[in-house]
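# Fold and contact review
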Amino acid sequence: MAETTNPNGGASSWEDKGFVVCSSSDKGKDGYSRASTSDWDAYFYFNAIDPSYFIDDDGSHWLVYGSWHSGFALVRINPETGKIAAVSSDDYLTGTVLGDFDMGFPWAETATILKQNGYGTRIFSRGTSRWQPSEAPELIKYNGYYWLFFANDGLDVPYQTRVVRSEKIQGPYKSISGVVTTNDVENNSGGTNLFPIVTHPYKFDDSDNGLGSCYGWVGISHCAVFSDDEGNWYYMSQQRLPADIAGINASNAVMLGAVRKIVWTPSTAQGSDLWPMVLPERYAEIPESYAEKITKDELIGEWQHINLVYNYAVMDEALPLILHKDGTMEGALNGTWDFDSDSLLMTFRPNSATAVSVKVCRELNWEAKPRVPTIVYTGTQKNLSATYWGKQVANIVE
């Protein structure tokens, strides 16, 4: 950590404040022999990268960090110094911060001793391996829950985002279907494929526009999540163009930043248990002349629908969907649909056993030239291993 009173003062204005935390081993100081290059068990317990700083409602300061090894670690921070906090009692959550913790060695014979040495409580683990394809934890608080966003898989093509939640900052964190990720330092169990899917490699179809330039996006993850003064939430992350696009001299190497809006959608049809879902099109300020309330008649017509499902390094592509005035639909989904203009929830009923409510919003159609306003949706369901994304391409009055 470094500190300055003048961020524009150049390198000499920054004072090195020293060590905060580092990677740590539960295999002792010399426990890193590898039987082969595919032996991942030799790795650190906590890998100290990708820190996310969080200040709770009670003023307590926290750091969550970790990547790819045994999961994510949570430590409490002394707000006066930015270092690991020493707390007045055994209650790590609410005890008074007395000063900086006297950190022990970053190696020990067990993970429990590492925790005692100050390197953190594990609040998430994707699986049993030391080589876990998850990183970049991002922690927020909303509606009484702590929400932990994280990146899954390799950062080139397959990179995608998931989210879990907890009633307490130290966990246990659960998926939308109730799968518990571990906060037990000695137990390497966890969730290997947790839902909901927040982002995933995807592609809308641009054939109707004759553009031939819509490649879709991959590697959408490693996010920052934030809100504005009006209570709107946003998801900002990297994203990449797919592999082997003509004219790019290094395949899949073009990495851009993008912002998408988060909307809170129910985990059951028309339910009250809300989860953060990301709109498929990138955020843009919609003209005020177009910002009026959405009506059901506007939704009738042609759409592109994406079942955002987990396919390693495979793009989820859009399929045509038609919403009819009589409340039926055909194409990517069959069955019935309806819309509540007050909640902006459209509910799909593709069969008698399944109903999914999606949030409907106005955004720009980024695949059109020139870009034009359109209507998009996002949503999921706790028993559905997929997220629904959609974009209207034509409003047809029947």
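For the structure itself, look to the data block above.
What comes next concerns the included structure. Worth saying up front: this structure is predicted, and the values here are computed from it rather than measured. (Residues numbered from 1 in each chain as written. Predicted model: local features only at pLDDT ≥ 70, side-chain atom pairs only at ≥ 80, totals over all residues. Heavy atoms only, no water.)

Moving on, we get to the sheet that holds strand β18 (residues 255-266). Reading across from one edge, β16-β17-β18-β19 is the order of the four strands in this open sheet, with antiparallel pairing throughout. One side of each edge strand has no neighbouring strand; the edge strands of this open sheet are β16 (218-227) and β19 (274-278). The average angle at which neighbouring strand axes cross in this sheet is 30 degrees, direction not considered. In this structure, β16 lies alongside strand β17 (residues 233-240), joined through six bridges in antiparallel fashion. In the strand pairing of β17, Phe 226 is matched with Tyr 234. (Pairing = 2+ DSSP bridges. Helix = DSSP H or I, 4+ residues; strand = E, 2+ residues; numbered from the N terminus. Axes fitted to C-alpha atoms, helices over the stretch in contact; angles between N-to-C directions.)

For the rest of this paragraph, the subject is unusual backbone geometry. Here Phe 195 and Pro 196 are connected by a cis peptide whose omega angle stands at 15 degrees. Position of Pro 196 among the secondary structure elements: in the loop between β13 (180-181) and β14 (197-199). For the bond from Lys 369 to Pro 370, the omega torsion is -5 degrees, close enough to zero to count as cis. If you trace the backbone, Pro 370 turns up in the loop between β26 (354-365) and β27 (372-380). The backbone of Ala 136 sits at a positive phi, close to 55 degrees, despite the residue not being glycine. Position of Ala 136 relative to the elements: it lies in strand β9 (residues 134-142).

What follows deals with the nonpolar core. In globular proteins that are soluble, nonpolar side chains generally tend to be buried together. Phe 149, Tyr 202 and Ile 262 are the most contacted members of the largest nonpolar core, which has 26 residues in total. The set of elements that each furnish at least two residues to this core consists of β10 (145-152), β14, β16, β17, β18, β19 and β20 (301-309). The greatest single-element share of this core, amounting to three residues, is contributed by β16. Ignoring any residue separated from it by four or fewer positions in sequence, one finds Phe 149 in contact with Ala 136, Pro 137, Glu 138, Ile 140, Thr 161, Arg 162, Val 163, Cys 223, Val 225, Ile 262 and Pro 276. (Core = buried A, V, L, I, M, F, W, Y, C linked by side-chain atoms within 4.5 Å. Buried < 20%, exposed > 50% of the residue type's maximum accessible area, 1.4 Å probe, protein only. Contact = heavy atoms within 4.5 Å.)

Quick look at the sheet that holds β20 now. Around the barrel, eight strands lie side by side as β20-β22-β23-β24-β25-β26-β27-β28; this closed barrel has antiparallel pairing. Put simply, the sheet's adjacent strands are angled 30 degrees from each other on average, direction ignored. Direction of pairing for strand β25 (residues 345-351) relative to β26: antiparallel, over a ladder of five bridges. If you follow Phe 348 over to β26, its bridge partner there is Val 356.

By secondary structure assignment, the location of Leu 139 is in strand β9. Separated by 87 residues in the primary sequence, Leu 139 and Phe 226 place their C-alpha atoms 9.9 Å from one another. Aside from chain neighbours lying at most four places away, what touches Leu 139 is Ser 52, Phe 54, Val 64, Tyr 146, Trp 147, Leu 148, Ile 169 and Tyr 173.

With that settled, the discussion passes to the pattern of salt bridges. Applying the stated criterion across every chain, the model contains 13 salt bridges. A salt bridge links Asp 41 to Lys 27; its shortest N-O distance comes to 3.3 Å. On the criterion of sequence distance, the pair formed by Asp 41 in the loop between β2 (15-16) and β3 (52-55) and Lys 27 in the loop between β2 and β3 is long-range, its members being 14 residues apart. The partner of Asp 56 in a salt bridge is Lys 141, with the nearest N and O atoms 3.1 Å apart. Here Asp 56 is found in the loop between β3 and β4 (61-65), whereas its partner Lys 141 is found in strand β9, with 85 residues between them in sequence. Look at Asp 56 and you get buried, because its relative accessible area is 10%. Members of the salt-bridge network, linked through shared partners, are Glu 3, Glu 15 and Lys 17. (Salt bridge = Lys/Arg side-chain N within 4 Å of Asp/Glu carboxyl O.)

Structurally, Lys 83 is set in the loop between β5 (72-77) and β6 (85-87). The side chain of Lys 83 is buried and forms no salt bridge, while Asp 100, the nearest opposite charge, is found at 5.2 Å. Separated by 2.8 Å, the side chain of Lys 83 and the backbone oxygen of Lys 17 make a polar contact. (Lys, Arg positive; Asp, Glu negative; His and termini not counted. Polar contact = N/O pair within 3.5 Å; in protein donor to acceptor, adjacent residues only side chain to side chain.)

Moving on, we get to the pairing of strand β28 (residues 386-395). Working note: regular strand, side chains alternate between the two faces of the sheet. For β28, a buried count of seven out of 10 residues is recorded, marking the element as mostly surrounded by other parts of the structure. Remark: five residues form the turn of the hairpin made by β27 and β28, two consecutive strands paired antiparallel.

With seven of its nine residues buried, β9 lies for the most part within the structure. As paired strands, β9 and β10 are joined by seven bridges and run antiparallel to one another. Its bridge partner being in β10, Ser 134 is matched across the sheet by Asn 152. Turn length for the β9-β10 hairpin, with the two strands adjacent in sequence and antiparallel, is two residues, and the turn residue Asn 143 shows positive phi of about 55 degrees.

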